[in-house]
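# Reading the structure
Next come the chains, spelled out residue by residue.
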Amino acid sequence: ERKQPDQGLALEEARPKIKPPPQYQVVLLNDDYTPMEFVVEVLEGFFGMDREKATRIMLHVHTRGKGVCGIYPRDIAETKVAQVNDYSRQHKHPLLCAMEQA
Ligand code: NFA
């Protein structure tokens, strides 16, 4: 039986550059109209925060203009942004959610 040429140990010789998938910050933007309670409920419902953390992040967005809700791979970040914006529009609030590369 013929032997195949020795291709070496792939794990030792082939060192493909692999990068971790880019991460994205999902952020909320402040506005003058969305009720604070609605923002807290969004942070609890879509980002798994307890009331204390959700209130802290909401107040940060309210006073600083923007705040990070979570950091995710692109597909998950895109889904969160779409879900939050759809939910806010359904409730007739102008709350804006967006993503930024981390
Ligand atoms: N600024 C809004 C208000 O005073 C509350 C708010 C907080 C809105 C965080 C959007 C994001 N009702």
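Everything here concerns the structure above.
As a starting point, this report considers the structure included with it. (Residues numbered from 1 in each chain as written. Predicted model: local features only at pLDDT ≥ 70, side-chain atom pairs only at ≥ 80, totals over all residues. Heavy atoms only, no water.)

Turning to the packing of aromatic side chains, a few remarks are in order. Considering all chains together, one arrives at 2 aromatic pairs under this definition. Seen in terms of ring centroids, Phe38 and Tyr87 are 5.5 Å apart; in terms of plane orientation they differ by 15 degrees. Their pairing is stacked. Of this pair, Phe38 sits in helix H2 (residues 36-47) while Tyr87 sits in helix H4 (residues 74-90); the two residues are 49 residues apart in sequence, bridging distant segments of the chain. A centroid spacing of 5.3 Å and a plane angle of 65 degrees characterise the contact between Phe46 and Tyr87, whose relative ring orientation is edge-to-face. Placement of the pair is Phe46 in helix H2 and Tyr87 in helix H4, with a sequence separation of 41 residues. The ring of Phe47 has Lys80 lying over it, and the distance from NZ or CZ to the ring centre is 5.7 Å. (Phe/Tyr/Trp six-rings, centres within 6.5 Å; stacked < 30°, edge-to-face > 60°. Helix = DSSP H or I, 4+ residues; strand = E, 2+ residues; numbered from the N terminus. Lys NZ or Arg CZ within 6 Å of the ring centre and 35° of its normal.)

The topology assignment puts Ser88 in helix H4. Residue class for Ser88 comes out buried when judged on its relative accessible area of 0%. Ignoring any residue separated from it by four or fewer positions in sequence, one finds Ser88 in contact with Phe38, His93 and Leu95. (Buried < 20%, exposed > 50% of the residue type's maximum accessible area, 1.4 Å probe, protein only. Contact = heavy atoms within 4.5 Å.)

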